[in-house]
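Observations on the model geometry
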Amino acid sequence: MKFIRFLLLTFALIAFSFALRPEREYKAIPSDYGIIYREVEFLTADNLKLKGWFIPAQDTVGILNSVIGRLVPVPDELKPDVREYKTDTTRKPTIIICDGDAGNMTQFIFYAYHFFTKGYNVFLFDWRGFGKSSDWQTEQDRLCYTEYIDDYDATIGFVKKQPEVDTTRIGVMGFSTGAYLSFAIIAKRNDISAYVGRALMSSFDELLPVLKQSLPGRNFMAPENYPEELLPINAAEKIKIPVFLIVGEKDNRTPVWMSEKIMVKLNGPKELWIVPKAEHGGINGPEFINYPEFFDRVLAFFDKYLKK
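First things first, this report covers the structure right here in the doc. (Residues numbered from 1 in each chain as written. Predicted model: local features only at pLDDT ≥ 70, side-chain atom pairs only at ≥ 80, totals over all residues. Heavy atoms only, no water.)

A look at the sheet that holds strand β2 (residues 38-43)
Quick reminder of the rule: Whether two strands pair depends on DSSP finding at least two bridges between them. Comment: elements are numbered from the N terminus, with helices defined as DSSP H or I runs of at least four residues and strands as E runs of at least two. Here, axes are lines fitted to C-alpha atoms. For helices the fit covers the stretch in contact, and angles between N-to-C directions go from 0 to 180 degrees.
Spatially, 8 strands are ordered β2-β3-β6-β4-β7-β8-β9-β10 in an open sheet, and the strand pairing comes out mixed. Edge positions in the open sheet fall to β2 and β10 (270-275), since each of these has one partner strand only. The sheet shows a mean angle of 20 degrees between the axes of neighbouring strands, direction not considered. When strand β9 (residues 243-248) meets β10, the two strands line up parallel, connected through 6 bridges.

Here's what the structure looks like:
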């Protein structure tokens, strides 16, 4: 638990806010921890620039392993020298981890660490209006923007062009807002091999009353023109790839019953983990209250379906 307390300020209070609160500045970048990575930019279909970090599979040599997730920002005196980008020529399975509704991709360096040190490339990116991606005006109580699906499409297209990537073994992972956007992308495309979703909603019609009850002072709004066929409750039946849903037993924002409704409709390989005593997010979110089991189980799932 002492380890988890270090994470509270930098991740838990930011990542799961149910409010569009993008942060423009990166409080830390992968090289601050000695991680080898490439900073990249690419364009969406409507010609906006997205920022991403491509982190190739690597071992822990040269990385400040004891600092990742504990110190954000990293004091200058602790930062190692920037390491030359080197990787072998073998194409590897790749996991794309997307933002939620707040912060930016800095908060997911900690998550990425558990995969790029285990034989996976990891790609992090920022939605429009987040981090150093192109400007985009946001309303704080808008749950998301439909255009984020376009951002996700552009991201996958970019990742598939990278020489380090085995395009037949790409997984996606999202949390809360990122969970349903990731679900939309696997419903929309046929080139993703595995999905992990933490705190997945069923639909906006079911989510909004729950949020109103748990956060009565807010006036949340669904995104405009969001495709009905991409909502999890409507898309689940046509999903054939492996799906791993994770939800806290005490989640009062995307309650257990939402994940259970999706599970019933899924027709491919599927797993559901209801994490005892865990809440939606924050210090009592599944990944913190059940660290490191959370990452062990997610890794085992990706190993099963991306490392065949």
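What follows picks up the thread again.
Remarks on the pairing of strand β6 (residues 121-125)
The condition that has to hold: Buried residues are those whose accessible area, probed at 1.4 Å on protein chains only, stays under 20% of the maximum for their type, while exposed residues exceed 50% and partly exposed ones sit between those limits.
Across the 5 residues of β6, 5 count as buried, placing the element largely inside the fold. Burial along β6 is two-sided: N121, F123 and F125 facing one way and V122 and L124 facing the other are all buried. Summarising the sheet, strand β4 (residues 92-97) and β6 pair through 4 bridges and their orientation is parallel. For I95, the partnering residue across the bridge sits in β6 and is V122.

Some details on the side chain of T117
Worth spelling out the cut-off: Residues adjacent in sequence count toward polar contacts only when both atoms are side-chain atoms; beyond that, a polar contact is any pair of N or O atoms within 3.5 Å, and within protein one must be able to donate a hydrogen and the other to accept it.
With respect to the helices, strands and loops of the structure, T117 is situated in the loop between α2 (109-116) and β6. Separated by 2.7 Å, the side chain of T117 and the backbone oxygen of Y113 make a polar contact.

A closer look at the environment of A154
Formally: Here, two residues are considered to be in contact whenever any of their heavy atoms come within 4.5 Å of each other.
The residue A154 is located in helix α3 (residues 147-160) in this model. Under the relative-accessibility criterion, A154 is labelled buried at 16%. Along the sequence, A154 and F288 sit 134 residues apart, while their C-alpha atoms lie 31 Å from each other. In contact with A154, other than residues within four places in its own chain, are F42, L43 and T44.

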